[in-house]
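Remarks on the overall topology
One-letter residues, chain by chain:
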Amino acid sequence: MKQLHFQPIEGKSIEIIETIAQTEELASLDPDMWRTIRVVIEELVLNIVSYSGSDYIDFEIQGEEDGYTMRFRDGGVPFNPLEREMPNVTLPMEQRQIGGLGIFMVIHLMDTVEYAYVNGENVLTTTLRHKK
């Protein structure tokens, strides 16, 4: 399991995303799986940096026989993105409300997405299984 710790400084999101995306655990992924995980990392890091108010992001990734589990922790304002009303993607673009599409994508791209607020931390755990 790889563990990384970051200070979520505004303007450093890309650097954080690139560091995570270049971990050894992700280097051997097939291109489709890597792209999916990359989108999820981008969405979650950008949201934590932009909205959480936390002074840190802890990231863990664990490769498993059947896939990968990623865990994002921050000490920001308690926020369960899974309780947010999901956007209605069937509406025409001009009728859709702004916001919420990122977590919608994360939920639909990953096999599991779980949230918990534990010991003063937001903990979001995502799992993506290898396709057979």
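Right above here is the structure, for reference.
For the structure given in this document, a descriptive report is provided here. (Residues numbered from 1 in each chain as written. Predicted model: local features only at pLDDT ≥ 70, side-chain atom pairs only at ≥ 80, totals over all residues. Heavy atoms only, no water.)

Across the sheet, which stays open at both edges, the five strands sit in the order β1-β2-β3-β5-β4 with antiparallel pairing between neighbours. Each of the sheet's edge strands pairs with one partner strand only, and the pair in question is β1 (2-6) and β4 (112-118). Averaged over all pairs of adjacent strands, the angle between their axes in this sheet comes to 15 degrees, without regard to strand direction. Relative to strand β2 (residues 57-64), β1 is paired through five bridges, and the arrangement is antiparallel. If you follow H5 over to β2, its bridge partner there is D58. Across the sheet, helix α3 (residues 31-52) is in contact with β2, β3 (67-74) and β5 (121-129); its angle to β3 comes to roughly 5 degrees. (Pairing = 2+ DSSP bridges. Helix = DSSP H or I, 4+ residues; strand = E, 2+ residues; numbered from the N terminus. Axes fitted to C-alpha atoms, helices over the stretch in contact; angles between N-to-C directions. Contact = heavy atoms within 4.5 Å.)

This paragraph deals with helix α1 (residues 13-21). Every buried residue of α1 is listed here: S13, I16, I17, I20 and A21. The buried residues of α1 occupy an angular sector of 130 degrees when the element is viewed end-on, so they sit on one face. Those residues of α1 hidden inside the fold are in contact with β1, α2 (24-27), α3 and β2. (Buried < 20%, exposed > 50% of the residue type's maximum accessible area, 1.4 Å probe, protein only. Arc of directions from axis to C-beta.)

With that out of the way, let us pick up the packing of α1 against α3. Contact pair α1 / α3: the axes reach a minimum separation of 10 Å and the direction vectors enclose 145 degrees. For the element pair α1 and α3, the recorded crossing hand is right-handed. Between α1 and α3, the residues in contact are S13, I16, I17, E18, I20 and A21 and W34, R38, I41, E42, V45, L46 and V49, respectively. Tallied by class, residues from the contact of α1 with α3 come to nine nonpolar, one polar and three charged. (Left-handed = near helix turned anticlockwise from the far one by under 90°. Nonpolar A, V, L, I, M, F, W, Y, C, P; charged D, E, K, R; others polar.)

Turning next to the nonpolar core. By size, the foremost hydrophobic cluster in this structure holds 28 residues, and its most contacted members are I20, I37, I41, V45, F59, M70 and F72. For this core, the secondary structure elements donating two or more residues are β1, α1, α3, β2, β3, α4 (101-109), β4 and β5. Of all the elements, α3 adds the most residues to this core, at eight residues. Ignoring anything within four residues of it in the chain, the contact list for M70 reads I37, V40, I41, F59, E60, I61, M110, L124, T125 and T126. (Core = buried A, V, L, I, M, F, W, Y, C linked by side-chain atoms within 4.5 Å.)

Treat this as a map of the structure, not an account of what it does.
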